[in-house]
Each structure stands twice: as structure tokens, then as C-alpha cells.
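# Chains, contacts and geometry: an overview
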Amino acid sequence: MVSGSALLIDYVLTIAISVASAMDAVFSFLPPELLAWKVTLGALGIVFLTVLNLRGVRESVVIWVPVFLLFLVTHVFAVGYVFVTRADALG
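Along each chain, residues carry numbers from 1 onward, in the same order as the chain's sequence is written. Two thresholds apply to this predicted model, a pLDDT of at least 70 for residue-level local features and 80 or more for giving and counting side-chain atom pairs, whereas whole-chain, interface and lining totals are computed over all residues. Think of the side-chain values as coming from all heavy atoms in the structure, minus any hydrogens and water.

Let us now look at the pattern of salt bridges. Two side chains carrying opposite charge are able to pair once their charged atoms lie near each other. We define a salt bridge as a side-chain nitrogen of Lys or Arg found within 4 Å of a carboxyl oxygen belonging to Asp or Glu. By the definition in use, this model includes 1 salt bridge. Measuring nitrogen to oxygen at the nearest pair gives 2.4 Å for the salt bridge that ties lysine 38 to aspartate 24. Of this pair, lysine 38 sits in helix α2 (residues 38–54) while aspartate 24 sits in helix α1 (residues 2–27), and the two are 14 residues apart along the sequence. Overall, the relative accessible area of 26% leaves lysine 38 in the partly exposed class. Helix numbers and strand numbers start at the N terminus; a helix is a DSSP run of H or I with at least 4 residues, a strand a run of E with at least 2. When a residue's accessible area, from a 1.4 Å probe over protein chains only, is under 20% of the maximum for its type it is buried; when over 50% it is exposed; and in between it is partly exposed.

Right under this line is the structure:
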């Protein structure tokens, strides 16, 4: 019971800190007028991740597959582009 409670508290704090960090990063480049929405969007992010995780592990992972694939494709393209355009400077 104690270890289960500790894991639950750790999970909630991890999600809360991750969402707060994401809100700080996103709102650091937005206009200051939008700063009033930071807490509201952070709370919505925590609720969204909680609902997503209540659906189960497999179902919650499936929704992020397109995002991961987009990340992977864009980074492969970026690294490949750098190697192709700078091939003459390689040693």
C-alpha cells in the first residue's frame, strides 16, 4: 500500500512538473498578453494526460505514434540534408 501510494504520488508530480515545464517553454516565446492563459492551459494539459492514461497503455501510446513518426522523419531529413549539403567539408 505504501509503495503503491508512493508510485502514484511520484507519477502525479512527474506529470505536473513536465506540463509546467512545457507551459514555461511554450509561453516563453509567446506574447506577454497570452501569459494569463498559462495556468489554464497547464491544467488542461494535466487533465488531458490523465484521461489519456486512463484509457490504457496501448491506447494511450497509439495516439502519439504519428507525432513520433513526424519527429523521426523530420530529424532524419535534417541530418541527411546537412550531410548532403556539407559533404565537401567532411574530412
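Another point: the environment of glutamate 33. In this fold, glutamate 33 is placed in the loop between α1 and α2. In the structure, glutamate 33 is positioned 45 residues away from alanine 78 in sequence and 34 Å away in space, judged by C-alpha atoms.

Next up on the list: the environment of leucine 70. Relative to the helices and strands, leucine 70 is located in helix α4 (residues 65–85). Look at leucine 70 and you get exposed, because its relative accessible area is 57%. Sequence separation of leucine 70 and aspartate 10 is 60 residues, and the distance between their C-alpha atoms is 30 Å.

A surface patch of nonpolar side chains, about 640 Å² in accessible area, is lined by Val61, Val65, Phe68, Leu69, Phe71, Leu72 and Val76. Here leucine 69 is to be found in helix α4. Residue class for leucine 69 comes out partly exposed when judged on its relative accessible area of 44%. Grouping into patches uses exposed residues only, defined as over 30% relative accessible area, and leaves out salt-bridged ones; the cut-off is 9 Å for like charges and 5 Å for nonpolar side chains (Val, Leu, Ile, Met, Phe, Trp, Tyr). Under the convention used here, a 1.4 Å probe and the Shrake-Rupley method define accessible areas, while residue burial counts only the protein chains that appear.

A word on the packing of aromatic side chains. For any pair of aromatic rings, the description rests on two quantities: the centre-to-centre distance and the angle between the ring planes. The pairing test for Phe, Tyr and Trp rings, Trp by its six-membered ring, is centres within 6.5 Å, and the orientation test on the planes gives stacked under 30 degrees, edge-to-face over 60, and tilted for anything in between. For the coordinates displayed, the defined rule picks out 1 aromatic pair. When the centroid spacing of 6.1 Å and the interplanar angle of 25 degrees are considered together, the rings of phenylalanine 77 and tyrosine 81 count as stacked. Here phenylalanine 77 pairs with tyrosine 81, and both are found in helix α4, just 4 residues apart, close to one helical turn.

Another aspect to go through is α1. Compared with the 38 Å implied by 1.5 Å per residue over 26 residues, the 37 Å span of α1 between its first and last C-alpha is a close match. Within α1 the residues assigned to the buried category are Ile15, Val19, Met23 and Phe27. By definition here, a helix of n residues has an expected span of 1.5 Å times n minus one.

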